Amino acid sequence: MEYKFSKKLAELKPSAIREIFKSLSDPTIISFAAGNPSPDSFPVDDLARLSAEIFENEASFALQYGITEGYMPLREAIAARQKSRFGEGMVRDCDTTLVVTGGQQGIEPACKAFCNEGDAVICENPSFIGALNSFRSNGARTIGVEMEEDGISLEKLEETLKTVKNAKLLYLIPTFQNPSGTCMSLEKRKAVLALAKKYEIMIIEDNPYGELRFAGEDIPTMKSLDSDGLVIYCSSLSKILSAGMRIGFVIAPSEVASKMVVAKQAEDVHTNLFFQMLCHKYMTTCDLDAHIAKINELYRHKCNLMLECIDKYIPADKVTFTRPEGGLFIWGTVKDCTDASFVVKKAIEKKVAVVPGTAFNCDTEAPSPSFRLNYSTPSDEQIIEGVKRLGEVFTSL
Ligand SMILES: Cc1ncc(COP(=O)(O)O)c(C=O)c1O
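Rules behind the numbers
Throughout, a residue's number is its position along its own chain's written sequence, starting from 1. pLDDT decides what is reported in this predicted model: residues at 70 or higher carry local features, side-chain atom pairs at 80 or more are listed and counted, and totals for whole chains, interfaces and linings draw on all residues regardless. Each side-chain value is worked out from all heavy atoms of the structure, with water and hydrogens disregarded. Two cysteine sulfur atoms make up a disulfide if the distance between them is within 2.5 Å. Under the scheme applied here, a residue whose accessible area is under 20% of the maximum for its type counts as buried, over 50% as exposed, and between as partly exposed, the area being computed with a 1.4 Å probe on protein chains only. Fitting a line to C-alpha atoms yields each axis, with helices limited to the stretch in contact; the angle taken between N-to-C directions then spans 0 to 180 degrees. Here a helix means four or more residues in a row that DSSP labels H or I, a strand means two or more in a row labelled E, and each is numbered from the N terminus. Roughly parallel here means an angle under 35 degrees, roughly antiparallel means over 145, roughly perpendicular means 65 to 115, and every remaining angle is called oblique. Helix crossings get a hand from a simple test, with the near helix turned counterclockwise from the far one by less than a right angle marking a left-handed crossing and a clockwise turn marking a right-handed one. Here a residue-residue contact requires only that any non-hydrogen atoms of the pair lie within 4.5 Å. In this text, near means that some heavy atom of the residue lies within 4 Å of the molecule or strand in question. As used in this structure description, the phrase polar contact means that two N or O atoms lie within 3.5 Å; if the pair is within protein, one of them must be able to donate a hydrogen and the other to accept it, and residues adjacent in sequence are counted only when both atoms belong to side chains. For the area figures, the Shrake-Rupley method with a 1.4 Å probe applies, and any residue is considered shielded solely by the protein chains shown. Polar here means any residue other than Ala, Val, Leu, Ile, Met, Phe, Trp, Tyr, Cys and Pro, which are nonpolar, and Asp, Glu, Lys and Arg, which are charged; Gly is therefore polar. A patch consists of residues exposed above 30% relative accessible area that lack any salt bridge, with like charges linked at up to 9 Å and nonpolar side chains (Val, Leu, Ile, Met, Phe, Trp, Tyr) linked at up to 5 Å. Each reported salt bridge corresponds to a side-chain nitrogen of Lys or Arg within 4 Å of a carboxyl oxygen of Asp or Glu. A pair of aromatic rings is counted whenever rings of Phe, Tyr or Trp (Trp by its six-membered ring) have centres within 6.5 Å, and the orientation is called stacked for planes under 30 degrees apart, edge-to-face for over 60 and tilted otherwise. Each residue after the first adds 1.5 Å to the expected span of a helix. Working note: the arc is built from the helix axis to C-beta atom directions. Here the term cavity refers to a set of points on a 1 Å grid, laid over the protein atoms alone, in which a 1.4 Å probe fits but cannot get out; the term pocket refers to an open set having protein on both sides within 12 Å along at least five of seven lines, with lining residues being those that place an atom within 4 Å of a point. Grid points are joined across faces, edges and corners, and a volume is the space filled by probe spheres set on the points.

### Details of the state of the cysteines
The full count for this structure, using the stated rule, is 0 disulfides. A disulfide-free cysteine, Cys279 has its sulfur positioned 11 Å from the sulfur of Cys286, the nearest such atom. Taking the relative accessible area as the measure of exposure, Cys279 reaches 0% and is therefore buried. Left unpaired, Cys362 is separated from the closest cysteine sulfur, that of Cys123, by 4.5 Å. For Cys362, a relative accessible area of 7% puts it in the buried group.

What follows is the structure, encoded as structure tokens:
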């Protein structure tokens, strides 16, 4: 049989990260390639106890179909937390909070709601590969806009908004961006909102790392600053509770949320009800703030350790690195270089896995001088040994 696959998927490459994962079956490889939360960050005992309670008292409800919008007590708990954490503007009277299957699923229905085949989604370049692939698989073009130290280039963004036809969405990760780890400044957030209003384009604010701040001060989310119904806010409990439970959420203007519900219904009917109930129980009976504080302490330690090792082992005249105040990633850029794919190859020879910057490009053919390192998953010993080996890649150049 000659399979005649759709054009949509023919142009979609398998995620470079998933491909790298395949090569990680070798236990001697030190991986800085993951984007996973640390296994030490899961509150296993509390979740086991609460799971037993649900099965004892509410089993038939938990095992039944639920509604597409999500389990109402969890939607309310999420809305209340977002308001208390990021301000009243997070959920306005005209907004609806939805539960989705991981933050990833907030992105897909937003694209379906706004983009026709061939429409454009403007993205930071580099950006999160899961979102880029979601736009592509929905037939949208991904148009990259250059990043600066404090977020997307305003000048280039306006140029793009003026010139690109049928741009329907602006996809941004303003806080601890994946892959670069950088944060968009408050001034830029306000200026981007003003541009979105001027050019009448919806913003997806993707914020899965917003609560993972271990240094510096919070910057208001774009959602909390938006009084014009421009922002679809996507986030999840993946990085603060459990990634495997696949509990994400969207806060969007109600008219937009209704369209997204129709798209989600066609995808998976509703998000796993048992895990929605478990998350609700955890959020309302355990100390989530204390739990997140513990995770942030762990990541502060791991990030600082990786940066110390970078300073010690990697020649500063050859590579520059971002110094994040939260999130999971450090972004390395090789000086005077357009294509750093050799770093990935040489690192693998030394049994260290990093992700090539090309994996995050909007233009899948473009080279990248950068690579991404993750510090949340490896042990301290692996961080020290892995960065040391990475240093050898550059000292031997
Ligand atoms: C920027 C960004 N958005 C969304 C997601 C997806 O999150 P989830 O695991 O909740 O689907 C990730 C996961 O790594 C991410 O980095």
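### Notes on the packing of helix H14 (residues 341–349) against helix H15 (residues 380–395)
Put simply, H14 and H15 touch, their axes get as near as 9 Å, and they point 125° apart. In terms of axis orientation, H14 runs oblique to H15. Where H14 crosses over H15, the two elements pack in a sense that is right-handed. Contacts from Val343, Lys346 and Ala347 in H14 reach Leu390, Val393 and Phe394 in H15.

### Looking at the side chain of Thr271
With respect to the helices, strands and loops of the structure, Thr271 is situated in the loop between helix H11 (254–268) and helix H12 (273–285). Given the relative accessible area of 2%, Thr271 is considered buried. Apart from residues no more than four positions distant in its own chain, Thr271 is found in contact with Val99, Val100, Thr101, Gln105, Arg246, Ile247, Lys264 and Gln276.

### So, the site of the ligand
Surveying the vicinity of the ligand reveals 13 residues, the closest of which are Asn178, Asp206, Tyr209, Ser236 and Ser238. Contacts to the ligand include Lys239, whose side-chain N or O atom sits 3.2 Å from an oxygen atom. Arg246 places a polar side-chain atom, nitrogen or oxygen, 2.8 Å from an oxygen atom of the ligand. Across the complex, the protein chains shield 91% of the 400 Å² of accessible surface that the ligand would expose by itself. Its residues assigned to classes, the shell around the ligand shows 4 nonpolar, 6 polar and 3 charged.

### Focus: a nonpolar patch on the surface
Together, Met1, Tyr3 and Phe5 give the surface a local cluster of nonpolar side chains, amounting to about 500 Å² of exposed area. Within the secondary structure, Phe5 sits in the segment before helix H1 (7–10).

### So, the packing of aromatic side chains
Following the criterion strictly, the structure yields 10 aromatic pairs and no others. Between Phe214 and Tyr375 the ring centres are 6.4 Å apart and the planes differ by 75°, which places this aromatic pair in the edge-to-face class. Pair noted here: Phe214 is in the loop between strand S7 (202–206) and helix H10 (222–225) and Tyr375 is in the loop between strand S14 (370–374) and H15, with a separation of 161 residues, a long-range link. Phe214 gets classed as buried once you look at its relative accessible area, which sits at 6%. Relative accessible area serves as the criterion here: at 0%, Tyr375 is assigned to the buried category. Plain terms: the ring middles of Trp331 and Phe360 are 5.8 Å apart, the flat faces sit at 75° to each other, and that makes the pair edge-to-face. One end of the pair, Trp331, is in strand S11 (residues 329–334); the other, Phe360, is in the loop between strand S13 (355–356) and S14, with 29 residues separating them in the sequence.

### Remarks on helix H9 (residues 186–199)
Note on helix geometry: an α-helix contains 3.6 residues per turn, so any two residues three or four positions apart are oriented the same way. Its 14 residues give H9 an end-to-end C-alpha distance of 20 Å, which sits within 8% of 20 Å, the value for a rise of 1.5 Å per residue. All buried positions along H9 are accounted for by Lys188, Arg189, Val192, Leu193, Leu195 and Ala196. Looking down the long axis of H9, one finds its buried residues gathered within 160° of arc, a one-sided arrangement. Facing away from the buried side of H9 by over 90 degrees, the exposed positions are Glu187 and Lys198. One or two residues past the end of H9 sits Glu200, with phi positive at roughly 50°.

### Quick word on unusual backbone geometry
Omega for the peptide link from Asn125 to Pro126 comes to 10°, which places this bond in the cis form. Considering the arrangement of structural elements, one finds Pro126 in the loop between strand S3 (120–125) and helix H7 (129–137). For the bond from Asn178 to Pro179, the omega torsion is 20°, close enough to zero to count as cis. Mapped onto the secondary structure, Pro179 falls in the loop between strand S6 (167–172) and H9.

### Things to note about empty space enclosed by the protein
Under the criterion given, the structure shown has 3 cavities of 30 Å³ or more. Forming the boundary of the largest cavity are Gln82, Phe86, Asn207, Pro208, Gly210, Glu211, Tyr233, Ser235, Ser236, Leu237, Ile240 and Phe249. Within the residue set of the lining of the largest cavity, elements represented by two or more residues are helix H5 (72–86) and strand S8 (231–236). It is S8 that provides the largest number of residues to the lining of the largest cavity, a total of 3 residues. Here the lining of the largest cavity is built from residues that sort into 6 nonpolar, 5 polar and 1 charged. Of the volumes computed, that of the second largest cavity is approximately 50 Å³. What lines the second largest cavity is Phe86, Thr175, Arg189, Asn207, Gly210, Arg213, Asp218, Ile219 and Thr221. Partitioning the lining of the second largest cavity into residue classes produces 2 nonpolar, 4 polar and 3 charged.

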